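Inside the fold
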Amino acid sequence: MNILVVDDSRVIYAMVKKMLEEKGHTSLWAEDGLKAIEIIKENNASNTKIDVILLDWNMPNMNGIEFLEYNFKEKVTTTPVVMMTTENSPESIKKALSLSAAEYIMKPFTSDILFNKISLIEMMF
Amino acid sequence: MVIREEVYKFFADYIYKITGMVYVPSEYYRLDSRINELVQIFSLKSVEDLYEMYVKEITPDMKAVLVNISTNNETYFFRDVKPFTLLSRVVLPEILTNFPNEEIKMWSAACSSGQEAYSMLISIRNTTDDANFERCRVDGSDVSIKALDKAKLGVYNGLEIQRGLPAPMIIKYFRQLDPDSWAIDDSLKFKTNFFEFNLLTGFYPQEKYHIIFCRNILIYQDNENKGKILNSIYNALKKDGILVLGAGESLVGIVAPFQQIQFDGYTVYKKDSKG
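Counting restarts for each chain, with residues numbered from 1 along the sequence as it is written. Key to labels: chains lettered from A, ligands numbered from 1, both in the order written. The predicted nature of this model means local features are confined to residues of pLDDT at least 70 and side-chain atom pairs, given and counted, to a pLDDT of 80 or more, with totals for whole chains, interfaces and linings taken over all residues.

Residues and elements named next belong to chain B. Here a residue counts as buried when 20 or more other C-beta atoms fall within 10 Å of its C-beta, as exposed when 12 or fewer do, and as partly exposed in between; the C-beta atoms come from the backbone. Helix and strand definitions follow DSSP, with helices as H or I runs of at least four residues and strands as E runs of at least two, each counted in order from the N terminus. Within the span of helix H8 (residues 145-153), buried status applies to Leu148, Lys150 and Ala151. For H8, the angular spread of buried residues about the axis comes to 160°, placing them on one side. Across from the buried face of H8, at angles greater than 90 degrees, the exposed residues are Ile145, Lys146 and Asp149. Those residues of H8 hidden inside the fold are in contact with helix H6 (115-127), strand S2 (136-142) and strand S6 (192-196). Of the residues trailing H8, Gly154 is marked for its positive phi of about 65°. Comment: arc refers to directions from the helix axis out to C-beta atoms. Residues are scored as being in contact if the C-beta atoms we place from backbone atoms lie within 7 Å.

Structure follows, in structure tokens:
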């Protein structure tokens, strides 16, 4: 799978990239929601498929929820989005799911949790 | 890279605080690869640099990376998924029909900290109407008192709750007690009864259960013990009751009078009505 990781933390991206590579997945990195939209549009234009988006909540410029709201209106992508965040209240989860996030990972998490969520996504989409 | 005792202790204590995983001093060497992995992830020069960084401040990102490399992951909600789909969509509907007006008794025979028992109830709650759900009860047993205490409490941390549970089920069946602990809904908890039981030496009830889950236990037993446990389980099942084993387990090499039934590539074992 080709996975877009949207997170302002280079360390978190390095960790997730390593997890994904160990399972044979490729990844792209965007450090905020705006950059993610740019990458998605570029990939749409070149017909490069992104299979899953892992999306942090708290980021500068455009945060994860703003990204979901934007995508909800503008339909930039139909790729399933998995939130990956320290925001871990039931209200946060409900809000993200109501804005069409397909799954939700609370930080901290382990690689088995990440792949469990990705396999749930594979079953759903 | 030689790692000082003080450094080991610092990481061992922190991992214990966050995950409950214990590294005693004689096992500190098990942290070597994990600590060195952290050094790489943070692009540092040495373990001492890493130690200095963590002692100074542990940011949420640093916590996330440390937790990720320090845990192993044995207990899941919905482990293997298929047994629970079978339970709620095939096995239980048949049992409900065959035993009208009866309380349906299920047993999670090696329940550890309760995830299997609660997964059984969640899958049933998701697919069964209120009246039939009311008829269901799940017993859970294990040899570990510590695990049973956790099962009875029904409270799980963020890592545990995310192992196997889709997000919509977390918000539907759990309430958050504090940022890192989630309690199973009382409507499910009240349907359980957890008790200590050793499958090899315990005194089994006779013809009590309609459905027994005994997964990933037999795989660790020799054939003699397997046969002993399976025959005791056979006696504990009601006629037409169903036994569900783990995905890698079978009755090969065992003499036990079960009828094997295939559902969607998964074998379950029925106590023959002649039994």
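This part covers the pairing of strand S4 (residues 81-85) of chain A. All names here are of chain A. In terms of residue burial, S4 counts as a mostly covered element, since five of its five residues are buried. Of the two faces of S4, the one carrying Val81, Met83 and Thr85 and the one carrying Val82 and Met84 are both buried. When DSSP locates at least two bridges between a pair of strands, those strands are taken to pair. As paired elements, strand S3 (residues 52-55) and S4 share three bridges and run parallel to each other. Bridged to Leu54 within S4 is Val82. Clockwise travel from the first strand over the helix to the second, with the strands pointing away from the viewer, marks a crossover as right-handed. Taken together, S3, helix H3 (residues 64-74) and S4 constitute a β-α-β crossover, and its handedness is right-handed. Both S4 and strand S5 (residues 103-106) contribute to a ladder of four bridges, which runs parallel. By the bridge assignment for S5, Val82 is matched with Glu103. In this view, the connection linking S4 to its parallel neighbour S5 by way of helix H4 (residues 90-98) has right-handed handedness.

Turning our attention to the nonpolar core. In summary, soluble globular proteins display a tendency toward joint burial of nonpolar side chains. Counting residues in hydrophobic clusters, the biggest one holds 107 residues, and the most contacted among them are Leu54, Val82 and Met83 of chain A together with Ile212 and Leu243 of chain B. The split of the chain into domains comes from an automatic or database domain assignment. For this core, the two domains that each supply at least three residues are domain 1 (5-70) and domain 2 (82-271) of chain B. Here, a nonpolar core means buried Ala, Val, Leu, Ile, Met, Phe, Trp, Tyr and Cys residues linked by C-beta atoms lying within 7 Å of one another.

All names here are of chain B. Overall, mixed pairing links the seven strands, which are arranged S6-S2-S1-S7-S8-S10-S9 in an open sheet. The open sheet has two free edges, formed respectively by S6 and strand S9 (258-263), since each of these has just one partner strand. For this sheet, the mean angle separating the axes of adjacent strands, direction not counted, is 25°. The pairing of strand S8 (residues 237-245) with strand S10 (residues 266-271) spans two bridges and is classified as antiparallel. Each bridged residue has a counterpart across the sheet, and for Leu243 the counterpart in S10 is Tyr269. Geometry is summarised by axes, namely lines fitted to C-alpha atoms with helices restricted to the contacting stretch, and by angles between N-to-C directions that run from 0 to 180 degrees. Set on the sheet, helix H5 (residues 82-98) makes contact with strand S1 (104-108), strand S7 (209-214), S8, S9 and S10; between it and S7 the angle comes to about 165°.

The values are spatial; any link to function lies outside them.
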